[in-house]
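Coordinate inspection notes
Residues per chain are reported as follows:
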Amino acid sequence: MANGQWYPPEWPDRIRALSSGELTPATPRRAATVMLLRDSVAGPAVHMLRRRASMAFAGGAYAYPGGGVDPRDDDHLVRWAGPSRATWALRLGVDEPGAQAIVCAAVRETFEEAGVLLAGPTPTSVVGDTTGDDWEADREALVARDFSFAQFLDRRGLVLRSDLLAAWARWITPEFEPKRYDTFFFVAALPEGQRTRNASTEADRTVWIAPGEATAGYDKGDLLMMPPTIATLRQLRPYGSAADALAGAPERDLTPVLAKARFEDGELVLSWPGHDEFTKHIPTGGSA
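Quantities reported herein were computed from a predicted structural model and do not represent experimental measurements.

What to know about the pattern of salt bridges
Tallied over the entire structure, the rule returns 19 salt bridges. Note that Glu112 is salt-bridged to Arg108, the shortest N-O span being 3.4 Å. Residue Glu112 and its partner Arg108 are located together in helix H3 (residues 96-114), separated by four residues, close to a single helical turn. For Arg108, a relative accessible area of 1% corresponds to the buried category. Of the charged contacts in the structure, one is a salt bridge between Glu277 and Arg234, with a shortest N-O distance of 2.8 Å. Here the residue Glu277 occupies a position in strand S14 (residues 275-283), and Arg234 occupies one in helix H7 (residues 227-236), the gap between them amounting to 43 residues. Assessed through its relative accessible area of 26%, Arg234 is described here as partly exposed. Linked through salt bridges whose partners overlap, the residues forming this network are Asp70, Arg72, Asp73, Arg108, Glu109, Glu112 and Arg145.

Quick look at a negative patch on the surface
There is a patch of like negative charges on the surface, built from Asp74, Asp75, Asp95 and Glu96. Note that Asp75 resides in the loop between strand S4 (66-68) and strand S5 (80-81).

So, the side chain of Thr130
Positionally, Thr130 belongs in the loop between strand S6 (119-120) and helix H4 (133-143). Those residues in contact with Thr130, other than ones at most four positions away along the chain, are Phe111, Gly115, Leu117, Trp135, Gln194 and Arg197.

Topic: the nonpolar core
With 40 residues, the main nonpolar core has Trp88, Leu92, Leu117, Phe149, Phe152, Leu165 and Phe186 as its most contacted residues. Counting only elements with at least two residues in this core, the list comes to strand S1 (29-40), helix H2 (85-92), H3, H4, helix H5 (149-156), strand S8 (165-172) and strand S9 (181-189). Counting 37 residues, the second largest nonpolar core, distinct from the first, contains Val46, Tyr62, Ala169 and Ile282.

Quick word on unusual backbone geometry
If you check the backbone angles, Arg145 has positive phi at about 60 degrees while not being a glycine. With respect to the secondary-structure elements, Arg145 resides in the loop between H4 and H5. On the basis of relative accessibility, which here comes to 29%, the residue Arg145 falls in the partly exposed class.

So, the packing of H2 against H3
Where H2 meets H3, the axes come as close as 8 Å, and the angle between the chain directions of the two elements is 85 degrees. On the basis of their axis angle, the class for H2 and H3 is roughly perpendicular. Residues Arg85, Ala86, Trp88, Ala89 and Leu92 of H2 lie in contact with H3, whose contacting residues are Glu96, Ala99, Gln100, Ile102 and Val103. Of the residues assigned to the contact of H2 with H3, the class counts are seven nonpolar, one polar and two charged.

Concerning the packing of aromatic side chains
Taken as a whole and assessed by the stated rule, the structure comprises nine aromatic pairs. Ring geometry for Phe111 versus Trp135: centroids 6.3 Å apart, planes at 85 degrees, classification edge-to-face. With Phe111 in helix H3 and Trp135 in helix H4, the pair connects residues that are 24 residues apart, well separated along the chain. With relative accessibility at 0%, the residue Phe111 sits in the buried group. Its relative accessible area of 10% is what places Trp135 among the buried residues. Where Trp272 meets Phe278, the ring centres are 6.0 Å apart and the plane angle is 80 degrees; that geometry is what we call edge-to-face. Pair check on accessibility: Trp272 and Phe278 agree, each one buried. Within the aromatic cluster, the residues linked to one another by ring pairs are Phe111, Trp135, Phe149 and Phe152. Across from the ring centre of Trp135, 3.7 Å away, lies the NZ or CZ of Arg156, which sits over that ring.

Observations concerning the sheet that holds strand S12 (residues 260-264)
Paired through backbone hydrogen bonds, the strands of a sheet run either parallel or antiparallel to each other. With antiparallel pairing, the three strands of this open sheet are ordered in space as S12-S13-S14. Across the chains shown, the open sheet's two edge strands, defined by having one partner strand only, are S12 and S14. Between one strand axis and the next, the sheet turns through 25 degrees on average, direction left out of account. With five bridges connecting them, strand S13 (residues 267-272) and S14 associate as antiparallel partners. Bridge assignment links Leu270 to a residue of S14, and that residue is Lys280. The sheet contacts of helix H1 (residues 11-19) involve S12, S13 and S14, and relative to S13 the element is tilted by about 95 degrees.

The rules we used
Residues numbered from 1 in each chain as written. Predicted model: local features only at pLDDT ≥ 70, side-chain atom pairs only at ≥ 80, totals over all residues. Heavy atoms only, no water. Salt bridge = Lys/Arg side-chain N within 4 Å of Asp/Glu carboxyl O. Helix = DSSP H or I, 4+ residues; strand = E, 2+ residues; numbered from the N terminus. Buried < 20%, exposed > 50% of the residue type's maximum accessible area, 1.4 Å probe, protein only. Patch = residues over 30% accessible without salt bridge, like charges linked within 9 Å, V, L, I, M, F, W, Y side chains within 5 Å. Areas by Shrake-Rupley, 256 points an atom, 1.4 Å probe, with all protein chains shown as cover. Lys, Arg positive; Asp, Glu negative; His and termini not counted. Charge placed at Lys NZ, Arg CZ, Asp CG, Glu CD. Contact = heavy atoms within 4.5 Å. Core = buried A, V, L, I, M, F, W, Y, C linked by side-chain atoms within 4.5 Å. Axes fitted to C-alpha atoms, helices over the stretch in contact; angles between N-to-C directions. Parallel < 35°, antiparallel > 145°, perpendicular 65-115°, else oblique. Nonpolar A, V, L, I, M, F, W, Y, C, P; charged D, E, K, R; others polar. Phe/Tyr/Trp six-rings, centres within 6.5 Å; stacked < 30°, edge-to-face > 60°. Lys NZ or Arg CZ within 6 Å of the ring centre and 35° of its normal. Pairing = 2+ DSSP bridges.

By themselves, these are just geometric observations and shouldn't be taken as functional.
Written as structure tokens, this is what we have:
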């Protein structure tokens, strides 16, 4: 393969079924993912997970910590620091309960999959080391959905630090996929005193890697990634520090990116608006 783009072999058949009306698009579920950054002498590095090869979806692909919104995270006002829910709602293009749920998902998934918690006992503080047995028990309970993230914050007396996050991009899974997500990408800096670990059962490896190194690995075909991942990595490359990336985030366009498929000159053309590098040309009588 020319690069490390993850491309499911069943896509052409599903696209044909969608075009013929045989396939009804699934409703996308809201999700959040976080590009966690830390500074080094060579510039910022991003924390990435490699999905287990046995995973049905994107097995072997590198990604960021993330996952779906928990419906319980919009029905209880959590202790909140940073921009208001109304400000977040305007930025994300959703209502206020939806904004809280998406931001909660970003913070919760980062804790569940990387062991990093963007919350503190006061609006201006962040918890320290979260690797103790009591923290691990709470993390596992969150993964099992034994209680909601809001309940976890309440029980711990913690304030969610929404000011430590910045919205970066929004991608929606193509209409021909059986499972679809409306995913909000965030950027955050690793809090002082905390460290990442591979806490995800879906990952077999974690790395801190410079965006330039990651994109070079993808271009050579050494690192497998989905289009949103490699696209956001390329967008991170110009920034010299985590703080620079966070400062630049408010200027980023959150118009959703959704793949389009069309028939043209005997081929099925699959494209992502604004991201020409992902365009695929598939013969109508064959597979990818």
